[in-house]
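# Analysis of the macromolecular model
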Amino acid sequence: MKEFFITGTDTDAGKTHVTSLLLKLLAQHKKQAIGFKPLAAGCEMAFDQLVNADALILMESATVSAKYDVVNPFAFAPPIAPHIAAEKVGVSITVDKLSDAYKNVKQQGADIILTEGAGGWALPINKNDYLYDWVKAEKMPVILVVGMRLGCLNHALLTAAHMQSMGINCVGWIANQVDKNMDEYQANLDSLKARLPFPILAISPYSEQTPKLQIYKSLLSALSINT
Ligand SMILES: Nc1ncnc2c1ncn2[C@@H]1O[C@H](COP(=O)(O)OP(=O)(O)OP(=O)(O)O)[C@@H](O)[C@H]1O
Ligand SMILES: C[C@H](N)[C@H](N)CCCCCC(=O)O
Ligand SMILES: [Mg+2]
């Protein structure tokens, strides 16, 4: 079983966009894959439960199906920091509870599990802990999605430095073009290539529709997924 944690330089960096494309690419290669969105803030009521758009997108893109609660065990209505949303409704999120929820995902029969974080790398889950504490506890390899926009150099470099200080295995980063008119896009890309301490895995172009998945094919070999 292969597993990756998809983090981003910030909220709206494109974690769901990239995770969904990866799941669709894996489906094309007949892989049994599932997405996991442990924490989602920004949910609506449907069929008597809170559901989140990211989790639904991951479910639609995956080859392995599972009940909503398995894919997204912690769902909160307001689109705010999840630990604040949890506190408001008296829910405690802990590393152990996240690991218990992850055990359920592992039982769904997938060969590949892609877990999407929430917000950026330093995401509090309660008064003391961060989502990265769970990632570290699970020894999960990480992929960093850099939302290519002004400010991403700082976010990407601080994220990388923190991961290194924690001994996290970041397998690489993806340049995701969230801003189709970014000034000096190429120079920013080059600056990150020169400074980030792990390899670039793919460039994800600005695209409002699903792009041709073929362009991500090298990503699978970079992740040591046989095709
Ligand atoms: N490469 C891209 N081309 C065009 N639009 C994109 C691209 N990547 C992301 N977007 C758009 O930017 C917005 C934010 O992307 P996305 O939802 O994937 O971010 P996120 O990192 O998952 O955010 P969150 O922290 O809320 O989970 C979405 O509307 C998405 O469709
Ligand atoms: C609501 C939003 N789209 C995400 N689901 C949650 C983003 C949390 C960001 C926390 C922070 O770093 O300030
Ligand atoms: Mg998302």
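Residues numbered from 1 in each chain as written. Chains lettered and ligands numbered in written order. Predicted model: local features only at pLDDT ≥ 70, side-chain atom pairs only at ≥ 80, totals over all residues.

Scanning the chain from terminus to terminus reveals 9 helices and 10 strands. Across its three principal axes, the chain shows a C-alpha extent of roughly 45 × 40 × 30 Å. Within the chain, the fraction of its 227 residues that count as buried is 41%. In the chain, the proportion of contacts linking residues at least 24 apart, taken out of those at least 6 apart, comes to 79%. (Helix = DSSP H or I, 4+ residues; strand = E, 2+ residues; numbered from the N terminus. Buried ≥ 20, exposed ≤ 12 C-beta atoms within 10 Å, placed from the backbone. Contact = placed C-beta atoms within 7 Å.)

Every residue lining ligand 2 is accounted for by Thr 11, Ala 41, Gly 42, Pro 79, Ala 81, Ala 118, Gly 119, Gly 120 and Leu 123. For the shell around ligand 2, the residue count by class is 5 nonpolar, 4 polar and no charged. (Near = placed C-beta within 6 Å. Nonpolar A, V, L, I, M, F, W, Y, C, P; charged D, E, K, R; others polar.)

The full set close to ligand 1 counts 18 residues, and Thr 11, Gly 14, Lys 15, Thr 16 and His 17 are the nearest of them. Top contributing element to the shell around ligand 1 by residue count: helix α1 (residues 15-28), with 3 residues. In the shell around ligand 1, the residues fall into 4 nonpolar, 10 polar and 4 charged.

Our next topic: the UniProt feature "active site" (unreviewed entry) in the chain. In this numbering, the UniProt entry assigns the feature "active site" (unreviewed entry) to Lys 37. By the element assignment, Lys 37 lies in the loop between β2 (33-36) and β3 (39-41). Those residues in contact with Lys 37, other than ones at most four positions away along the chain, are Asn 52, Asp 54, Ala 55, Leu 58, Val 71, Asn 72 and Glu 116. (UniProt positions renumbered as here; feature names shortened; annotations may be inferred.)

The next subject is the environment of Lys 37. Residue Lys 37 is classed as buried on the basis of its C-beta count, with 27 C-beta atoms lying within 10 Å. For the pair Lys 37 and Asn 52, spaced 15 residues apart in the sequence, the C-alpha separation amounts to 9.2 Å.

Note that Gly 119 resides in the loop between β7 (112-116) and α6 (131-137). Classification of Gly 119 by C-beta neighbours within 10 Å gives partly exposed; the count is 19. As for Gly 119 and Ile 80, which are separated by 39 residues in sequence, their C-alpha atoms are 9.7 Å apart. When sequence neighbours within four positions are dropped, the list of residues in contact with Gly 119 reads Asp 10, Thr 11 and Ala 81.

Sheet analysis places strand β4 (residues 43-46) next to strand β5 (residues 49-52), joined by 4 bridges and oriented antiparallel. Among the inter-strand pairings, Cys 43 is bridged to a residue of β5, identified as Asn 52. Count of turn residues in the β4/β5 antiparallel hairpin: 2 residues, of which Phe 47 carries a positive phi of about 50°. (Pairing = 2+ DSSP bridges.)

The subject of this paragraph is the UniProt feature "binding site: Mg(2+)" (unreviewed entry) in the chain. Using the residue numbers shown here, the UniProt feature "binding site: Mg(2+)" (unreviewed entry) corresponds to Thr 16, Asp 54 and Glu 116. Across 101 residues, the annotated set stays spatially compact, with a maximum C-alpha separation of 8.8 Å. Turning to its location among the elements, Thr 16 is positioned in helix α1. Taking the C-beta count within 10 Å as the criterion, Thr 16 has 23 such neighbours and is therefore assigned buried. Residues in contact with Thr 16, not counting those within four places in the same chain, are Asp 54, Ile 57 and Glu 116. Tracing the backbone shows Glu 116 in strand β7. Ignoring any residue separated from it by four or fewer positions in sequence, one finds Glu 116 in contact with Ile 6, Lys 15, Thr 16, Thr 19, Gly 35, Lys 37, Asp 54 and Leu 58.

So, on to the packing of helix α7 (residues 152-166) against helix α8 (residues 185-195). Packing of α7 against α8 brings their axes to within 11 Å, and their N-to-C directions diverge by 15°. It follows from the interaxial angle that α7 and α8 lie roughly parallel. Between α7 and α8 lies a crossing whose hand is right-handed. Contacts from Cys 152, Leu 153, Ala 156 and Leu 157 in α7 reach Asn 188, Ser 191, Leu 192 and Arg 195 in α8. Per-class residue counts for the contact of α7 with α8 are 5 nonpolar, 2 polar and 1 charged. (Axes fitted to C-alpha atoms, helices over the stretch in contact; angles between N-to-C directions. Parallel < 35°, antiparallel > 145°, perpendicular 65-115°, else oblique. Left-handed = near helix turned anticlockwise from the far one by under 90°.)

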